[in-house]
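Working through the structure, step by step
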Amino acid sequence: QAKGAGGNTYRFFTPEMNARIFERVTLENSLRRALNSDQIAVHYQPQVDMHSGLLIGFEALVRWHHPEQGDIPPARFIPIAEESSLINQIGDQVLREACRQNRAWQDMGLPPVVMAVNLSAMQLRQPEFASRIAAVLTESGLDARWLELEITESAFIRDTERIVEVLQQLQALGIKLSVDDFGTGYSSLGYLKRLPFDRIKIDQSFVRDLPDNADDIAIVRAIIAIADSLQKEVIAEGVEQPQQIDFLLQQGCTLMQGYHFGRPAAAGQAEQLLRRMQDKQRFTRESGAA
Ligand code: C2E
Ligand code: MG
Ligand code: MG
Ligand code: MG
């Protein structure tokens, strides 16, 4: 019983808080050791154009296999990495690997596709960020037009002027830019006008209950209309069902990503999708990869 815990009594560290801080510090330390080891891997999830049924690209997603704890999801370790500068090193490792892999597929004669890599706000704030990215492209031999960078809208809240400048430099290099998790942040629509970007990603939370939920229908329609009038591309995340595909196509959104087309998977499996595309196989509404 919390006897006498009312009034002005404060306990700065409850046992639960201690445990949480301990877990964080422990996780951060093991993450630091995991860097540049094979505990950190990159998986690839297909992005498709359901107008043609063709694969258009992959999103690179980081994976951490902890030696004792097994797979730890990004939702658990990315926030911790963002509180230290570890995110810069993780981001760098993922970017290099994804660019190298994409170039390797092109060297095998597979159809060229765009590789989308997630960026944290902190990475964008590194000095000379655009030059760093240019160096990674040179190192991997990947042409800039096959790289896309995904940035969540919450990254635009602070230092907007500076962020705009960096994004312009990236665009000048020929890299594509997309706004990730669109509609979930706290930022206003005003930033859309000021930021250079090519594509909006409709967050999966709005796609999940399509086509049954009236609010989600309204929101998704509105996002597609905004993208259209700003002449940006729009892609829906989290597509799992044929009914969602039907609805999105009706609304004019043909670019999609989600478990229906494929879960994030290791490079070998992604390569199989590229081979199927080379054989002119298409994604269909019934079965993801036909
Ligand atoms: P995100 O960038 O929005 O990535 C999409 C997430 O949705 C991925 O989760 C993916 O596995 C999941 N997803 C894709 N299709 C479906 C679907 O049909 N249904 C459901 N339920 N989920 C689907 P994941 O890989 O766990 O990543 C979570 C988040 O962690 C990412 O969200 C991104 O914000 C962050 N993240 C992942 N990799 C990186 C990275 O290399 N760098 C940075 N900075 N963040 C990353
Ligand atoms: Mg993303
Ligand atoms: Mg997203
Ligand atoms: Mg997300």
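Residues numbered from 1 in each chain as written. Chains lettered and ligands numbered in written order. Predicted model: local features only at pLDDT ≥ 70, side-chain atom pairs only at ≥ 80, totals over all residues. Heavy atoms only, no water.

In the annotation of an unreviewed UniProt entry, the entry for the protein chain reads GGDEF domain-containing protein, and the organism field reads Azonexus hydrophilus.

**Let's talk about the site of ligand 1**
Around ligand 1 sit 22 residues, and of these Arg-63, Asp-180, Gln-204, Glu-240 and Tyr-259 come closest. Contacts to ligand 1 include Arg-63, whose side-chain N or O atom sits 2.8 Å from an oxygen atom. If ligand 1 stood free it would expose 810 Å²; the protein chains cover 82% of that surface. Using a 2 Å cut-off from the grid points, one finds that ligand 1 occupies the largest pocket. Counting only elements with at least two residues in the shell around ligand 1, the list comes to strand 2 (54-66), helix 2 (74-83), strand 4 (114-119) and strand 6 (176-182). Here the shell around ligand 1 gets four residues from one element, more than from any other, and that element is strand 2. Grouping the amino acids of the shell around ligand 1 by side-chain chemistry returns nine nonpolar, six polar and seven charged. (Near = heavy atom within 4 Å. Polar contact = N/O pair within 3.5 Å; in protein donor to acceptor, adjacent residues only side chain to side chain. Areas by Shrake-Rupley, 256 points an atom, 1.4 Å probe, with all protein chains shown as cover. 1 Å grid on protein atoms, 1.4 Å probe; cavity = no way out; pocket = protein on both sides within 12 Å on 5 of 7 lines; lining within 4 Å. Sits in = over half its atoms within 2 Å of the grid points. Helix = DSSP H or I, 4+ residues; strand = E, 2+ residues; numbered from the N terminus. Nonpolar A, V, L, I, M, F, W, Y, C, P; charged D, E, K, R; others polar.)

**A short note on the coordination of the magnesium ion (ligand 3)**
Around the magnesium ion (ligand 3), the donor atoms from the protein are Asp-180 (OD), Asp-181 (OD), Glu-237 (OE) and Glu-237 (OE), and they sit 2.2 to 2.4 Å away. Taken as a pair, the magnesium ion (ligand 3) and the magnesium ion (ligand 2) lie 4.0 Å from each other and share Asp-180 as a ligand. Residue Asp-180 is found in strand 6, and its partner Glu-237 is found in the loop between strand 8 (233-236) and helix 10 (242-250); the two are separated by 57 residues along the sequence. The exposure classification of Asp-180 matches that of Glu-237, with both residues buried. (Donors = N, O, S within 2.8 Å, 3.2 Å for Na, K, Ca; no water. Buried < 20%, exposed > 50% of the residue type's maximum accessible area, 1.4 Å probe, protein only.)

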